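Observations on the model geometry
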Amino acid sequence: MLINKNQFRVRFAPSPTGYLHIGGFRTALYNYLLAKKNKGQFILRIEDTDQNRFVEGAVERLIQSLNSFAIKIDEGVFLKNSCSSKSSPSKNYPLVLEAGESGPYIQSERLEIYKKYAEELVTKGQAYYCFCSSERLKEIREKQITQKKPARYDRYCLENISPEEAQKKIENKIPYVIRLKVPRGEIIEFEDLVRGKVIFQTDLIDDQILLKSDGYPTYHLANVIDDHEMKITQIIRGEEWLSSTPKHILLYKFFNWKEPKFAHLPLLLNPDKSKLSKRQGDVAIEDYLKKGYLKEALINFVALLGWNPGKGETQEIFTLAELIEKFSLNHVHKGGAVFDTKKLDWLNAQWIKQISLDDLYKRSLKFWEQKDFYQSAKEDNKTEKYIKKVLIIEKERLQKLSDVGEENQFFFTDRIATSLDAIRWKNSTSSETKTYLKKSLNTLENIKENDWNLKNIEKHLLAKAGEKRGDLLFPLRAVLTGQKKSPSPFEVAWVLGKKESLERIEKVLDTI
Ligand code: GLU
């Protein structure tokens, strides 16, 4: 596929630190939504140039996380078996494939490219070699701190080492870095698609290191070169990268490349308005799936972290397809977005109600498997059919898949503690209680096995109770569930089935 000049190309360019942060997930999602909306391409590139932060398996986990949300990558890196177009194996990651014309898409596989460009800038006088030791840099920094000056490299190597001397030092294997020569006294201005006009003074920008002494590029150099070579048209990323953008704009200028458009997304905040951090809860998107949130609810929730559908719009539940249709950077706010778990719980409950019973059953199975009460129920041959009945009852109130069965464990055990006090309605005597339980027993006994459905059970019991609803239904609920609060006794009896319901009532009748 040839890349056409007018195409819309965006990328998600994470550094593999071990997991996919919610903020990173939001960046990926917004990029993806815009790519789909504009019939463009969504590219996944791996920025792994910080070798100190290398985490085994992190790249694979990252791609896996995107896959679990059905965010489809058009170009870049993929996991083996999940890529349909022509691909080649990654040099550095055995489980990863790369597909697309602008590869490699993994920065550690592109080191030669960065070196070539960095040297080109040195030749043109827009960057320079720096041989300063870390001790010297530390000294300058400490001095600047005591003098309350901004921390900046003092340009010793630029001003004191000639190009010939620099070449000699390099030949003699003296370690060096390449620094950007940031022009003094200039203003850098750009139009951010979220924040509007943004202005920076170059006097406040340090001579950024572009190439490190280990031969690896810094984020800035690699990011700009890749965005250019991969023909990225829109850069959509977190606000924390805003202060890097003037350096990037300088690089585009020095290389004579057309700048892409920039959009910086608002910070994610804890409810106390501090920056969303690990300390105040989970920040890995995977953890939320593990906790029993549906992928649809998470996509819905994360889309709303910093975006709204526009003035007067009240819609809160969005499918991925609806988000693709409605999302636009025009409605992304500048102010930080608060991560509100209550809202997430609410959205999740709405989504649980929306999916089909079969789907809910399938998705909840792994959570059932983690429960002791389910394990013992399995030994009693509690089947898929039974669990689905429980789910029909729980669906309306369930917030997280991990909560299945928790509130209603009486569905799985008949060891229910019931004392007379617990089953007596208001001031009824024990003999009255007994009489009402017998009435319930009788009524239920008379419903044929084939007619054992919610509607019938409710109809017959209500007819029997007449005006005395509490007297009849309170003890019944108590003997069936052992709880004061539970789904209605009709629902419980329906799920338990005729035999089990009758047995539970009889057992109590025998003891009081
Ligand atoms: N590697 C950067 C990150 O980890 C990418 C920032 C950008 O999108 O430019 O988020």
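Heads up: these notes are all about the structure in this document. As the structure is a prediction and not an experimental result, all values here were calculated from the model.

Procedures and definitions
- Residues numbered from 1 in each chain as written.
- Predicted model: local features only at pLDDT ≥ 70, side-chain atom pairs only at ≥ 80, totals over all residues.
- Heavy atoms only, no water.
- 1 Å grid on protein atoms, 1.4 Å probe; cavity = no way out; pocket = protein on both sides within 12 Å on 5 of 7 lines; lining within 4 Å.
- Points joined across faces, edges and corners; volume = space filled by probe spheres on them.
- Helix = DSSP H or I, 4+ residues; strand = E, 2+ residues; numbered from the N terminus.
- Nonpolar A, V, L, I, M, F, W, Y, C, P; charged D, E, K, R; others polar.
- Pairing = 2+ DSSP bridges.
- Axes fitted to C-alpha atoms, helices over the stretch in contact; angles between N-to-C directions.
- Phe/Tyr/Trp six-rings, centres within 6.5 Å; stacked < 30°, edge-to-face > 60°.
- Buried < 20%, exposed > 50% of the residue type's maximum accessible area, 1.4 Å probe, protein only.
- Lys NZ or Arg CZ within 6 Å of the ring centre and 35° of its normal.
- Salt bridge = Lys/Arg side-chain N within 4 Å of Asp/Glu carboxyl O.
- Right-handed = clockwise from strand over helix to strand, strands pointing away.
- Near = heavy atom within 4 Å.
- Polar contact = N/O pair within 3.5 Å; in protein donor to acceptor, adjacent residues only side chain to side chain.
- Areas by Shrake-Rupley, 256 points an atom, 1.4 Å probe, with all protein chains shown as cover.
- Sits in = over half its atoms within 2 Å of the grid points.
- Expected span 1.5 Å × (residues − 1).
- Contact = heavy atoms within 4.5 Å.
- Core = buried A, V, L, I, M, F, W, Y, C linked by side-chain atoms within 4.5 Å.
- Parallel < 35°, antiparallel > 145°, perpendicular 65-115°, else oblique.
- Left-handed = near helix turned anticlockwise from the far one by under 90°.

Put simply, the largest pocket is a space of about 1,200 Å³. For the largest pocket, the lining is made up of 44 residues, of which S15, T17, R53, E240 and W241 are closest to its centre. Elements that contribute at least two residues to the lining of the largest pocket include exactly β1 (9–12), α1 (22–37), α7 (219–229) and β11 (234–238). Broken down by element, the lining of the largest pocket gets its largest block of residues, four residues, from α1. Classifying every residue of the lining of the largest pocket gives 18 nonpolar, 14 polar and twelve charged.

Attention now goes to the sheet that holds strand β7 (residues 177–180). If you walk across this open sheet you meet the three strands as β6-β7-β10, and the pairing is antiparallel. Each of the sheet's edge strands pairs with one partner strand only, and the pair in question is β6 (127–130) and β10 (209–211). Taken over all neighbouring pairs, the strand axes of this sheet differ in orientation by 40 degrees on average, direction set aside. Across four bridges, β6 lies against β7 in antiparallel orientation. Bridge pairing in β7 links A127 to L180.

Applying the stated rule across the entire model yields 23 aromatic pairs. A centroid spacing of 5.0 Å and a plane angle of 90 degrees characterise the contact between F301 and F339, whose relative ring orientation is edge-to-face. Linking F301 in helix α10 (residues 295–303) with F339 in the loop between β14 (337–338) and α12 (341–354), this pair joins segments that are 38 residues apart in sequence. As far as burial versus exposure is concerned, F301 and F339 are alike and both buried. By way of ring pairs, the aromatic residues W368, F373, Y374, Y386 and F412 are connected into one cluster. Taking the ring centre of F131 as reference, the NZ or CZ of K169 above it sits at 5.5 Å. Taking the ring centre of Y288 as reference, the NZ or CZ of K291 above it sits at 4.9 Å.

Proximity of charged atoms lets side chains of opposite charge pair with each other. Tallied over the full model, the rule gives 26 salt bridges. Notably, a salt bridge pairs E120 with K124, separated by 3.7 Å at the nearest N-O pair. Using a relative accessible area of 30% as the deciding quantity, one classes E120 as partly exposed. By relative accessible area, which is 41% here, K124 ends up partly exposed. E316 is the salt-bridge partner of K343, the closest N and O atoms lying 3.1 Å from each other. Linking K343 in helix α12 with E316 in the loop between α10 and α11 (320–326), this pair joins segments that are 27 residues apart in sequence.

What follows deals with the pairing of strand β12 (residues 261–265). Most of β12 is tucked away: four of the five residues are buried. When β11 meets β12, the two strands line up parallel, connected through five bridges. Residue pairing across strands places Q234 opposite K261, the latter belonging to β12. The parallel pair β11 and β12, bridged by helix α8 (residues 245–255), forms a crossover whose chirality is right-handed.

Around the ligand, the surrounding shell consists of R11, A13, S15, E47, Y219, N223, R237 and W241. With respect to the ligand, the backbone of A13 contributes an N or O atom lying 2.8 Å from a nitrogen atom. In this structure, S15 approaches the ligand through a side-chain N or O atom, which is 3.0 Å from a nitrogen atom. Protein burial of the ligand: of its 290 Å² of free accessible surface, 85% is covered by the chains. Applying the majority rule of atoms within 2 Å of the grid points places the ligand in the largest pocket. Grouping the amino acids of the shell around the ligand by side-chain chemistry returns three nonpolar, two polar and three charged.

Across its 14 residues, helix α21 (residues 498–511) extends 21 Å between first and last C-alpha, which sits within 8% of the 20 Å expected from 1.5 Å per residue. Of the residues making up α21, those classed as buried are K498, E500, S501, L502, R504, I505, V508 and L509. Packed against the buried residues of α21 are α16 (420–423), α17 (430–445), α19 (469–481) and α20 (489–496).

Of all hydrophobic cores here, the largest spans 107 residues; its most connected members are I22 and F42. In terms of residue count, α1 provides more of this core than any other element does, nine residues in total. Beyond its immediate chain neighbours, meaning those up to four positions away, I22 contacts L268, L276, V283, I285, Y288, V302, L305 and F339. With 50 residues, the next largest nonpolar core counts Y386, F411, L461 and W494 among its residues.

In this structure, L473 sits in helix α19. Those residues in contact with L473, other than ones at most four positions away along the chain, are L461, L462, P489 and F490.

Two elements in contact, helix α3 (residues 111–123) and α7, have axes separated by 10 Å at closest approach and are oriented at 100 degrees. Relative to α7, the element α3 lies roughly perpendicular. Touching I113, Y114, Y117 and A118 of α3 are L221, A222, I225, D226 and E229, all from α7. Here the contact of α3 with α7 is composed, by residue class, of seven nonpolar, no polar and two charged.

This part is about the packing of helix α15 (residues 384–394) against α20. With their axes 9 Å apart at the nearest point, α15 and α20 run at an angle of 170 degrees to one another. With respect to each other, α15 and α20 are oriented roughly antiparallel. Of the two possible hands of crossing, α15 and α20 adopt the one that is right-handed. For the pair α15 and α20, the contacting residues are Y386, K389, V390, I392 and I393 in the first and E491, W494, V495 and L496 in the second.

This part covers unusual backbone geometry. P104 follows G103 through a cis peptide bond whose omega is -5 degrees. Here P104 is to be found in the loop between β5 (96–99) and α3. Not every positive phi belongs to a glycine, and N81 is a case in point at roughly 80 degrees. Structurally, the position occupied by N81 is in the loop between β3 (75–79) and β4 (88–89).

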